[in-house]
Amino acid sequence: MSSHGHQLRRSSSALGLDSITPNSAHVGGHSSTAPAPAFWRSKRTLPPPFRTIVSWTRVALHWCRRHARPGASAPPRQLHQRRVQCCAAPLGLPVSSAKQVLDESFYHKIESQAAHGFDDGVPWSVSQMHAQEYDIYFRFICPSGWNKTTDGFGAPLLVLHGGPGVPHDYLLPLHALATDSRRRPRPVLFFDQVGCGLSSKPDLVAYPYSIRQSIREVELAMRVLEDKTGMRARDIHIYGQSWGGILAFEYILLGSPVRSLTISNSPADVHLVEAEADRIIASIDPEKMPMAFLERHQCRDQGNVYLRSAMDKSGQGWRGSGVLGDWRADSVAPGHEHLQHLSTLILGGSEDFVTMPCLEGWMKVLPSVQLEILDEATHMPWLEEGHTHEAYMQTLSTFLCKHDG
């Protein structure tokens, strides 16, 4: 309950990407009139303020961590509803910059696979489920004149957004990596994971939401970027923010070779980040919640056009901290020797609720790590004006250029 007696509604997302509004009880996207099924609800009850703010992953891994190692996927399907926007500006991208890039939007189909088996007594899917096709929305931004054999350009970058359920819009300032000649321009591929943005939004019964299925979406995205650039995955950088960093890590655990990995504002231990957020919340005047938490630790500019666009298109199904369960990097990574030589950048902020202790776990499983904690930076410093934005973009760009090969 808030200090005014209102029951807080959980508008869930990637560790605080969403806001909170009063007067309605929602849990994991389910309204009070349609309670969440038993397997969707968490076994552990968190204080209401934290449930509303950190809502980003808690049960899917309880279903599937022991099975989250999919086999080979089918080749990408034929393009569907292809839309080409040559030299059209992405959200917020100045036209003068857009003239220097190809901005292409299109869809690919992905097939859901009926899941089999159980994990801890919890079924992967309901019996009515069968394989169906769904659309994934992609946005490809490529610098004019880019060629994989031409000097002066960088290797491609695949970007994974957070949530689950918060589309890529809030990460669009990273288009500067494709348009800014100071930063060795490179092709950048964004996409909306199934369940949010402009991709298909099947409900929890129709689609097998899980880390396992999300990895299949990343595999498809990587093949799309390979097709667009003529380069192989081992020559492509992968970047993940918040939940996207965990997803990128899980993808690489399959043995998928990439040029480098960037994990931005992602905890290596979900329970630990919950405890850290609880500690921060306890230090804030309840009268000022939740806005004080959001502005100090998530993003100082809550009216940012990129952030608002992402919130407007967020998913309502598989999202929030209820779907990662007790996920920890060191519990899923043992025995993966290929991680020993993976060049990795870990990005954090001194004001982020994903605190330094939450990031230290990555060091246990990723020995070749460059850890950068940016002063005064929140969970999304690239959305903020001033030195935190510049420091974030410069740090990321320098790392990518160093490992372009």
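*Asks:* Quick question: what am I supposed to make of the pattern of salt bridges here?
*Replies:* A side chain with one charge may pair with a side chain of the opposite charge, provided their charged atoms come close. Enumeration over the complete set of coordinates arrives at 13 salt bridges. With a shortest N-O distance of 3.4 Å, Asp135 and Lys109 are connected by a salt bridge. Here the residue Asp135 occupies a position in strand S9 (residues 133–143), and Lys109 occupies one in strand S6 (residues 101–111), the gap between them amounting to 26 residues. Among the residues examined, Asp135 registers a relative accessible area of 13% and is labelled buried.

*Asks:* Is there a simple way to think about the pairing of S9 in this case?
*Replies:* Working note: regular strand, side chains alternate between the two faces of the sheet. Along S9, 10 of the 11 residues are buried, which leaves the element largely enclosed by surrounding structure. In this sheet, S9 lies alongside S6 in antiparallel orientation, the contact comprising 11 bridges. Paired with Ile110 across the bridge in S9 is Tyr134.

*Asks:* I keep staring at the packing of aromatic side chains and nothing clicks. Help me out?
*Replies:* Think of a pair of aromatic rings as described by two things: how far the centres are apart, and how the planes are tilted against each other in angle. Taken as a whole and judged by the stated rule, the model has 11 aromatic pairs. Aromatic side chains Tyr207 and Tyr209 sit 4.9 Å apart centroid to centroid with 65 degrees between the ring planes, which places their arrangement in the edge-to-face category. Its relative accessible area of 1% is what places Tyr207 among the buried residues. Linked through ring pairs, Phe106, Phe138 and Phe191 together constitute an aromatic cluster.

*Asks:* Before we go on, may I ask you to explain the side chain of Gln193 in this structure?
*Replies:* Assignment of secondary structure puts Gln193 in the loop between strand S11 (188–192) and helix H5 (211–229). Residue class for Gln193 comes out buried when judged on its relative accessible area of 4%.

*Asks:* Sorry, what's going on with unusual backbone geometry here?
*Replies:* Glycine aside, a negative phi is what most residues show, and trans is what most peptide bonds show. Residues Gly163 and Pro164 are joined by a peptide bond in cis, for which omega reads -10 degrees. One can find Pro164 in the loop between strand S10 (157–160) and helix H4 (176–179). Cis geometry is found at the peptide bond from Met289 to Pro290, where omega equals 0 degrees. Mapped onto the secondary structure, Pro290 falls in the loop between helix H7 (270–282) and helix H8 (291–298). In this structure, Ser242 is a non-glycine residue whose phi angle is positive, near 55 degrees. Among the secondary structure elements, Ser242 is positioned in the loop between strand S12 (237–241) and helix H6 (243–253). Taking the relative accessible area as the measure of exposure, Ser242 reaches 0% and is therefore buried. A positive phi angle, near 65 degrees, is found at Glu376, a position not held by glycine. Mapped onto the elements of the fold, Glu376 is located in the loop between strand S15 (369–374) and helix H12 (387–402).

The rules behind the values
- Residues numbered from 1 in each chain as written.
- Predicted model: local features only at pLDDT ≥ 70, side-chain atom pairs only at ≥ 80, totals over all residues.
- Heavy atoms only, no water.
- Salt bridge = Lys/Arg side-chain N within 4 Å of Asp/Glu carboxyl O.
- Helix = DSSP H or I, 4+ residues; strand = E, 2+ residues; numbered from the N terminus.
- Buried < 20%, exposed > 50% of the residue type's maximum accessible area, 1.4 Å probe, protein only.
- Pairing = 2+ DSSP bridges.
- Phe/Tyr/Trp six-rings, centres within 6.5 Å; stacked < 30°, edge-to-face > 60°.

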